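Coordinates in review
The residues making up each chain are set out below.
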Amino acid sequence: MDFINQQIYTDGSYFVLQIPKYCPQCGAVNNPITNVLNRQNVKTSDKNELIVTASHYCNACDKAHLTVQLEVSDGSYVIKVVYPETQPSSLPEEISTLSPRFVKIYGDSEAAEQRGATELAGTGYRSALEILIKDYALKYIETDKEQVAKLSLSSAIEKYFSGDSFNAAEVVRILGNDYTHWVQQYDFNLSQLKAYLDIFVGHIKMQVMLKDPIVSRRKS
Ligand SMILES: [Zn+2]
């Protein structure tokens, strides 16, 4: 997790605290309202250290995250603990508007990944791909929801995509499936699967931008 400094003034003194660069709850660039909850000398080892606990309220998601910080020099602190400890990637707005459920499953999978649960994360990313493809198809390609619902992921990829986007989706599908098999067939790591999923997400973002342009020529 990356951190940035935030200076706050409270109880008659300035604090230079660290905050996560992105909100751990929603992934937005972090500029929270910080409150120092407690400041106390604690005997952490042979020495006493000044410990601050703080809450950081994020306007973007209306939730706070918490930190425990240690004073390293006069009024300057470094983070020792962050809650929640995971950090979701920021996904493009076009994607969160098109498919909120994709964003949720992607975030859950990433949380699993960051806790070391790679098997769960792998199957999660595959499920996320299926949701994104079906939401996209229903909005831009298919009118009949039943048609979309009954397709397997494999058939949906084949029906709606070709070329590079087909290839990217197939990598995620095949490697994602591999996590569900008792005997795994492929030697790969999760970051490779995720890289292809990110390529596919970029493709969908581009499609959404082109199909719903922000301005277009007026029809006369
Ligand atoms: Zn937030």
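Residue numbering note: each chain is counted from 1, following its sequence as written. Reporting of local features is limited, given that this is a predicted model, to residues whose pLDDT is at least 70; pairs of side-chain atoms are given and counted only at 80 or more, and all residues count toward the totals for whole chains, interfaces and linings.

A count of helical and extended segments in the protein gives seven helices and six strands. Along the protein, from the amino end to the carboxyl end, the secondary structure elements read β-β-β-β-β-β-α-α-α-α-α-α-α. Radius of gyration (C-alpha) of the protein: 22 Å, far over the 17 Å computed for a compact globule of 220 residues. Counting only C-alpha atoms and orienting by the principal axes, one finds that the protein spans roughly 65 × 60 × 25 Å. Exposure in this text rests on C-beta crowding, where 20 or more other C-beta atoms within 10 Å of a residue's own make it buried, 12 or fewer make it exposed, and counts in between make it partly exposed. The C-beta atoms are placed from the backbone. When each of the 220 residues of the protein is scored for burial, the buried share is 28%. Placing C-beta atoms from the backbone, we regard two residues as in contact once those atoms come within 7 Å. Looking at the protein alone, contacts between residues at least 24 apart form 49% of all its contacts between residues at least 6 apart. Counting from the N terminus, the helices are the DSSP runs of H or I reaching at least four residues and the strands are the DSSP runs of E reaching at least two. As defined in this context, the radius of gyration uses C-alpha atoms, and a globule is described by 2.2 Å times the residue total to the power 0.38.

On to the packing of helix α3 (residues 118–140) against helix α6 (residues 163–178), then. Where helices are involved, their axes are fitted lines through C-alpha atoms of the stretch in contact, as for all axes, and angles between N-to-C directions lie from 0 to 180°. Where α3 contacts α6, the two axes come as close as 8 Å, and the packing angle between them is 140 degrees. The angle between α3 and α6 places the two elements in the oblique class. Crossing of α3 over α6 shows left-handed handedness. Together, Gly122, Thr123, Tyr125, Arg126, Leu129 and Ile133 of α3 and Ala169, Val172, Arg173, Leu175, Gly176 and Asn177 of α6 make up the contact between the two elements. Under the scheme applied here, ten amino acids are nonpolar (Ala, Val, Leu, Ile, Met, Phe, Trp, Tyr, Cys and Pro), four are charged (Asp, Glu, Lys and Arg), and all others, including Gly, are polar. Tallied by class, residues from the contact of α3 with α6 come to six nonpolar, four polar and two charged. For classification, angles of less than 35 degrees are called roughly parallel, those exceeding 145 degrees roughly antiparallel, those between 65 and 115 degrees roughly perpendicular, and all remaining angles oblique. Helix crossings get a hand from a simple test, with the near helix turned counterclockwise from the far one by less than a right angle marking a left-handed crossing and a clockwise turn marking a right-handed one.

Here the focus is the domain arrangement of the protein. Here the protein is partitioned into domain 1 (3–83) and domain 2 (93–211). Domain borders in the structure are assigned automatically or taken from a domain database. Placing the centre of domain 1 and that of domain 2 at their C-alpha centroids yields a distance of 36 Å.

Right, let's get into the nonpolar core. Counting 28 residues, the largest nonpolar core has Leu129, Ala169, Val172, Leu197 and Phe200 as the members making the most contacts within it. When residues of this core are traced back to their parent elements, those giving at least two are α1 (93–98), α2 (100–114), α3, α5 (153–160), α6 and α7 (190–211). A per-element tally of this core places α3 first, with seven residues. In this structure, Val172 is in contact with Tyr125, Arg126, Leu129, Leu193, Tyr196, Leu197 and Phe200, ignoring residues within four places of it in sequence. In these notes, a nonpolar core means any group of buried Ala, Val, Leu, Ile, Met, Phe, Trp, Tyr and Cys residues linked to one another through C-beta atoms within 7 Å. Counting residues in each nonpolar core, the second largest holds five residues, with Phe15, Ile19, Ala54 and Tyr77 among its members.

Close contact between α2 and α3 brings their axes to 8 Å; oriented N to C, the two are set at 170 degrees. Classified by the interaxial angle, the pair formed by α2 and α3 is roughly antiparallel. Where α2 approaches α3, its residues Arg101, Phe102, Ile105, Tyr106, Asp108, Ser109, Ala112 and Glu113 are matched on the opposing element by Thr118, Leu120, Ala121, Gly124, Tyr125, Ser127, Ala128, Ile131, Leu132 and Asp135. Grouping the amino acids of the contact of α2 with α3 by side-chain chemistry returns 10 nonpolar, four polar and four charged.

In this section: α6. A helix is expected to reach a length of 1.5 Å times the quantity of its residues less one. With 16 residues, α6 should cover 22 Å at 1.5 Å per step; its first-to-last C-alpha distance of 23 Å lies within 8% of that length. Those residues of α6 that are buried are in contact with α3, α5 and α7.

This part is about unusual backbone geometry. Note that the residue after Tyr83, namely Pro84, is joined by a cis bond; omega there is -5 degrees. Its place among the elements puts Pro84 in the loop between β6 (76–83) and α1. With a phi angle near 50 degrees, Asp11 is a residue other than glycine that sits in the positive phi range. For Asp11, the location among the structural elements is in the loop between β1 (3–10) and β2 (13–20). Under the C-beta neighbour-count criterion, Asp11 is labelled exposed, with 7 such atoms within 10 Å. One non-glycine residue, Asp62, adopts positive backbone phi at about 65 degrees. By the C-beta count within 10 Å, which is 9 here, Asp62 ends up exposed.

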